Amino acid sequence: PSPSTRGRFPESPCAGICDCLKPGIARAWEKAGAALCAVGSAASLEGRGRRRSATALRPWNESGRKARREERARRAGIMSEQENFVAMLRAQIEACEQAIKQKPRNEQAYSTWGFALIQLATIEDDFERKIEHLKDCRDKLNHAVKINPSVACPDGSPAQVQLANAYYMSYVFEDSDAIAAQFLDKCKSLHKKALKRSDKNQAMLIQLGHAERQRVEVQETARRFKGMTKEEKSQEYLRMSVEARDAAEAACEVSPGDAELLKKCGTVHLELSMLQEQLSDMESARASVLKSVVRLKESVAAAADKDALNVLAVATNAVGMISEEPGEARGHFGDARDYFARSIELEDDPEKRSLLVFQLRDMFKTAETWRELHPAQAKEMPDDAVPDWLAALPADPIQTLQPGQAATVTMGEGA
């Protein structure tokens, strides 16, 4: 997930439960072209994630009624971002439909259509609509790979990999064991084909090793939330998140200094802070994100890890957002960029790495968001200069760079 994302924690009860869906927590609000579910796509999906999680906590404000009014106004703005994202996806789908009418064997239109549908499925709260989106997605991506097995999606990931992810998501959400087994077989078959083309897709093999457990968790969660109102779902998910935090903290006490446990604990604290923010419990959200930073710093100190650094960048960026003093906020934003740059340096895949560099450039726009959230101090928050090597990159990595071309982008000096 991009540390610069102004995301909103999803209301889907299964978001954050299944690892393959975690990128939807934050990335769902970004522009089309960012990979949401593709293990092996150009965007990094490990360590949320989620995908997984990025959010900018709203500024801490103790002025009572005024703070609640401001919070409602901010939430209205965030919701419009989500609505705009969905509207954009639907516009893409309409454009693809028209392109296919003009050229029936248009593999790029089919792959773009399927890619948009998998994003809609990721952020959809209603299970029936989610399953319908996945069905349509499989249909469109199957058309694409039949026309051209090597066709890529807008983010540069192979359509075969996205199709495998669609089958995996269908497997996770399918009630029938027999039908779910068929979906999983399709997923495995497609990834075997993808592995013959590139060994970059090996990460999915690890994911498949946990497939049965993930499906059980998602199905149990679905039953747990069945019949609940949106408010009841939020409260139940809060209780589950608090349980996860307490379990993670207990594990860290048993095995102090364990980098993996500390990373997991820090990520859980960050995810909990986003949910608390959604429920307008800003005091708890602030405490959770600060604890997240502490645990993630401990994890990185124990063992440098790209995923831990990525989430640490997200959490540090969030701390900057809730900082009222401009100088303090700028310090956190600078630290967040440093952590994210270090995570990029540890990324082995050149294509993933190059697209993450574009996200690093976006992080220099964080001051704009801070000024919106702190209008009284806006004049005291200047923009940080974007390094020349970052400023020279194309404006849009998705539309400007062709698949594979992004690998030519490298980290500049002083990154």
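In this text the structure is predicted, and so the values were computed from the model without any measurement.

Definitions and limits used
Residues numbered from 1 in each chain as written. Predicted model: local features only at pLDDT ≥ 70, side-chain atom pairs only at ≥ 80, totals over all residues. Heavy atoms only, no water. Helix = DSSP H or I, 4+ residues; strand = E, 2+ residues; numbered from the N terminus. Buried < 20%, exposed > 50% of the residue type's maximum accessible area, 1.4 Å probe, protein only. Areas by Shrake-Rupley, 256 points an atom, 1.4 Å probe, with all protein chains shown as cover. Salt bridge = Lys/Arg side-chain N within 4 Å of Asp/Glu carboxyl O. Expected span 1.5 Å × (residues − 1). Axes fitted to C-alpha atoms, helices over the stretch in contact; angles between N-to-C directions. Parallel < 35°, antiparallel > 145°, perpendicular 65-115°, else oblique. Left-handed = near helix turned anticlockwise from the far one by under 90°. Contact = heavy atoms within 4.5 Å. Nonpolar A, V, L, I, M, F, W, Y, C, P; charged D, E, K, R; others polar. Polar contact = N/O pair within 3.5 Å; in protein donor to acceptor, adjacent residues only side chain to side chain. Disulfide = S-S within 2.5 Å. Core = buried A, V, L, I, M, F, W, Y, C linked by side-chain atoms within 4.5 Å. Phe/Tyr/Trp six-rings, centres within 6.5 Å; stacked < 30°, edge-to-face > 60°. Lys NZ or Arg CZ within 6 Å of the ring centre and 35° of its normal. pLDDT = per-residue confidence, 0-100.

Draft legend 1. View of the overall build of the chain. A tally of helices and strands in the chain yields 17 helices and zero strands. A burial count over the chain gives 55% of its 415 residues as buried. Surface summary for the chain: the accessible area is close to 18,200 Å², and the carbon and sulfur share equals 49%.

Draft legend 2. The pattern of salt bridges, seen in detail. If you walk through the whole model with that rule in mind, you get 17 salt bridges. Arg-371 is the salt-bridge partner of Asp-383, the closest N and O atoms lying 2.9 Å from each other. A residue pair is termed long-range when its members are at least 10 positions apart, and Asp-383 in the loop between helix 15 (366-373) and helix 16 (388-391) and Arg-371 in helix 15 qualify at twelve residues. Classification of Arg-371 by relative accessible area gives partly exposed; the value is 22%.

Draft legend 3. View of helix 14 (residues 350-362). Taking 1.5 Å of rise per residue, 13 residues should cover 18 Å, and helix 14 covers 19 Å from first to last C-alpha, within 8% of that figure. Those residues of helix 14 not exposed but buried are Lys-352, Ser-354, Leu-355, Leu-356, Val-357, Phe-358, Gln-359, Leu-360 and Arg-361.

Draft legend 4. Just the packing of helix 4 (residues 127-147) against helix 5 (residues 159-173), in detail. At their nearest, the axes of helix 4 and helix 5 sit 9 Å apart, and the two run at 150° to each other. Our classification of the angle between helix 4 and helix 5 gives roughly antiparallel. Helix 4 and helix 5 meet at a crossing whose hand is left-handed. Of the residues in helix 5, those in contact with Phe-127, Lys-130, Ile-131, Leu-134, Cys-137, Arg-138, Leu-141, Asn-142 and Val-145 of helix 4 are Ala-159, Gln-160, Gln-162, Leu-163, Ala-166, Tyr-167, Met-169, Ser-170 and Phe-173. Its residues assigned to classes, the contact of helix 4 with helix 5 comprises twelve nonpolar, four polar and two charged.

Draft legend 5. Examining helix 10 (residues 259-278) more closely. Its 20 residues place the ends of helix 10 29 Å apart at the C-alpha level, agreeing with the 28 Å of an ideal helix rising 1.5 Å per residue. In terms of burial, helix 10 is largely enclosed, as 17 of its 20 residues are buried. One side-chain oxygen at the N-terminal end of helix 10 lies 3.0 Å from the backbone nitrogen of Glu-260; it belongs to Asp-258. One or two residues past the end of helix 10 sits Ser-280, with phi positive at roughly 65°.

Draft legend 6. Structural view of the state of the cysteines. If you walk through the whole model with that rule in mind, you get zero disulfides. The cysteine Cys-137 is free of any disulfide, with Cys-153 supplying the nearest cysteine sulfur at 8.1 Å.

Draft legend 7. Quick peek at the nonpolar core. Of all hydrophobic cores here, the largest spans 41 residues; its most connected members are Tyr-168 and Tyr-171. Residue assignment for this core shows that the elements contributing at least two residues are helix 2 (65-102), helix 3 (107-123), helix 4, helix 5, helix 6 (177-197) and helix 8 (211-225). Excluding anything up to four places from it in sequence, Tyr-171 contacts Ala-180, Ala-181, Phe-183, Leu-184, Ala-211, Glu-212 and Arg-215. Residues Ile-322, Ala-336, Trp-389 and Leu-393 belong to the second largest nonpolar core, which totals 30 residues.

Draft legend 8. Looking closely at the packing of helix 12 (residues 306-322) against helix 15. It is at 9 Å that the axes of helix 12 and helix 15 come closest, and there the two elements cross at 35°. As for how helix 12 packs across helix 15, the hand of that crossing is right-handed. Across from Asn-317, Gly-320 and Met-321 in helix 12, the residues of helix 15 making contact are Thr-366, Thr-369, Trp-370 and Leu-373. By residue class, the composition of the contact of helix 12 with helix 15 is three nonpolar, four polar and no charged.

Draft legend 9. Fine view of the environment of Ser-323. Inspection of the secondary structure assignment puts Ser-323 in the loop between helix 12 and helix 13 (326-345). According to the relative accessible area criterion, Ser-323 is buried, its value standing at 5%. Sequence separation between Ser-323 and Trp-370 is 47 residues, and the spatial gap between their C-alpha atoms is 9.0 Å. Of the polar contacts made by the side chain of Ser-323, one reaches the backbone oxygen of Val-319; its length is 2.7 Å.

Draft legend 10. Just the packing of aromatic side chains, in detail. Enumeration over the complete set of coordinates arrives at two aromatic pairs. With 6.1 Å between their ring centres and 45° between their planes, Tyr-167 and Phe-183 make a pair best called tilted. A residue pair is termed long-range when its members are at least 10 positions apart, and Tyr-167 in helix 5 and Phe-183 in helix 6 qualify at 16 residues. Residue classification places Phe-183 among the buried residues on the basis of a relative accessible area of 14%. With 6.1 Å between their ring centres and 50° between their planes, Tyr-168 and Tyr-171 make a pair best called tilted. Residue Tyr-168 and its partner Tyr-171 are located together in helix 5, separated by three residues, close to a single helical turn. Classification of Tyr-171 by relative accessible area gives buried; the value is 7%. One cation-aromatic arrangement involves Lys-140 over Trp-113; the distance from NZ or CZ to the ring centre is 4.5 Å.

Draft legend 11. Spatial organisation of the confidence of the model for the chain. On average, residues of the chain score 76 in pLDDT, and 73% of them reach the 70 mark or higher. Highest mean pLDDT in the chain belongs to helix 11 (residues 282-302) (95); lowest belongs to helix 1 (residues 24-27) (29). Taken as a whole, residues 72-80 scores under 50 in pLDDT and shows ten contacts with residues more than four places along the chain or in a different chain. Counting contacts from residues 398-410, a segment whose pLDDT is below 50, to residues more than four positions away or on other chains yields 24 contacts.

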